[in-house]
Amino acid sequence: MIRHIVLIRFKPELEDSEIADIWTQLHAIRSEVPGVLSITSGKSESPEKIERGYMHGFVVDFTDWDALEAYQVHPDHKRLGARLVENAVGGIDGILVFDLPVEGQGGEG
């Protein structure tokens, strides 16, 4: 399994309703792209408070690298990606992406 982790520094003026709509668009991709196992999105509630401005994010679990690649080239993902860049502080500089291969039940790689 591949865990696709995306952290976003949304522009401060972005309304919560706009962020909710972005999450709706993201979750709709699950039914459009084969190999998507789950999608989780939201705002950080970390007690450590070291998000460094990356207060929102999402995780998409894929069956394998091929499924992640299919997601990356899918038109819905391209539209969502453009919308994320448009609404992130500094554009692409306000987005972090980390892809983690996950082995076994315990989630250890």
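Residue positions within a chain follow its written sequence, with the count starting from 1. Totals for whole chains, interfaces and linings use all residues, but because this is a predicted model, local features are given only for residues with pLDDT of at least 70 and pairs of side-chain atoms are given and counted only at 80 or more. Only hydrogens and water are set aside; all other atoms, that is, all heavy atoms of the structure, feed into the side-chain values.

So, the nonpolar core
- Residues grouped as a nonpolar core are buried Ala, Val, Leu, Ile, Met, Phe, Trp, Tyr and Cys residues, joined through side-chain atoms within 4.5 Å. Note on exposure labels: buried denotes an accessible area under 20% of the residue type's maximum, exposed denotes more than 50%, and partly exposed covers the range between, all computed with a 1.4 Å probe on protein chains only. In this structure, I8, F58 and Y71 are the most contacted members of the largest nonpolar core, which totals 23 residues.
- Elements represented by at least two residues in this core include exactly β1 (2–8), α1 (16–28), β2 (36–43), β3 (56–62), α2 (65–73) and α3 (75–87).
- No other element matches the four residues that α1 contributes to this core.
- Here, residues are in contact when the closest pair of their heavy atoms is within 4.5 Å. Residues within four places of F58 in sequence aside, it is in contact with H4, I5, V6, I8, W23, L26, T40, S41, Y71 and L84. Helix and strand labels come from DSSP, where a helix needs a run of H or I of at least four residues and a strand needs a run of E of at least two; each type is numbered from the N terminus.

A word on the sheet that holds β3
- Spatially, the four strands line up as an open sheet ordered β2-β3-β1-β4, and their pairing is antiparallel. The open sheet has two free edges, formed respectively by β2 and β4 (95–101), since each of these has just one partner strand. Averaged over neighbouring strand pairs, the angle between their axes works out to 10° when direction is ignored.
- Pairs of strands are assigned from DSSP output, requiring at least two bridges between the strands. Summarising the sheet, β2 and β3 pair through seven bridges and their orientation is antiparallel. Note on β3: the bridge partner recorded for V36 is F62. For helices, the fitted axis covers only the stretch in contact; all axes are lines through C-alpha atoms, and the angles between them, taken along N-to-C directions, range from 0 to 180 degrees.

Remarks on the pattern of salt bridges
- Think of a salt bridge as a Lys or Arg side-chain nitrogen and an Asp or Glu carboxyl oxygen that are within 4 Å of each other. Counting across every chain of the model gives four salt bridges.
- For R79, the salt bridge identified is with D76, shortest N-O distance 2.2 Å. Of the two residues, R79 and D76 are both situated in helix α3; the distance of three residues between them amounts to about one turn of the helix.
- Overall, D76 belongs to the buried group, its relative accessible area being 19%.
- What you see here is one network of salt bridges that share partners, running through E18, D21 and R83.

Observations concerning the packing of α1 against α3
- Contact pair α1 / α3: the axes reach a minimum separation of 10 Å and the direction vectors enclose 160°. In terms of axis orientation, α1 runs roughly antiparallel to α3. When you trace α1 past α3, the crossing you get is left-handed. On α3, the residues that touch E18, D21, I22, Q25 and L26 of α1 are D76, R79, L80, R83, L84 and N87.
- Gly counts as polar in this scheme, as do all residues outside two lists: the nonpolar Ala, Val, Leu, Ile, Met, Phe, Trp, Tyr, Cys and Pro, and the charged Asp, Glu, Lys and Arg. Class assignment of the residues belonging to the contact of α1 with α3 gives a composition of four nonpolar, two polar and five charged. Here roughly perpendicular refers to angles of 65 to 115 degrees, roughly parallel to angles under 35, roughly antiparallel to angles over 145, and oblique to all remaining angles. For any pair of crossing helices, the crossing counts as left-handed if the nearer helix is rotated counterclockwise from the farther one by less than a right angle, and right-handed if it is rotated clockwise.

Things to note about the packing of aromatic side chains
- In this analysis, rings of Phe, Tyr and Trp, with Trp reduced to its six-membered ring, are considered paired at centre separations within 6.5 Å, and the interplanar angle assigns stacked below 30 degrees, edge-to-face beyond 60, and tilted for intermediate values. Applying the stated criterion across every chain, the model contains three aromatic pairs.
- Ring centres 5.0 Å apart and planes at 55° place the aromatic pair F62 and Y71 in the tilted group. No difference in accessibility class separates F62 from Y71, as the two residues are buried.
- Three or more aromatic residues joined by ring pairs form one cluster here, namely F10, W23 and F58.

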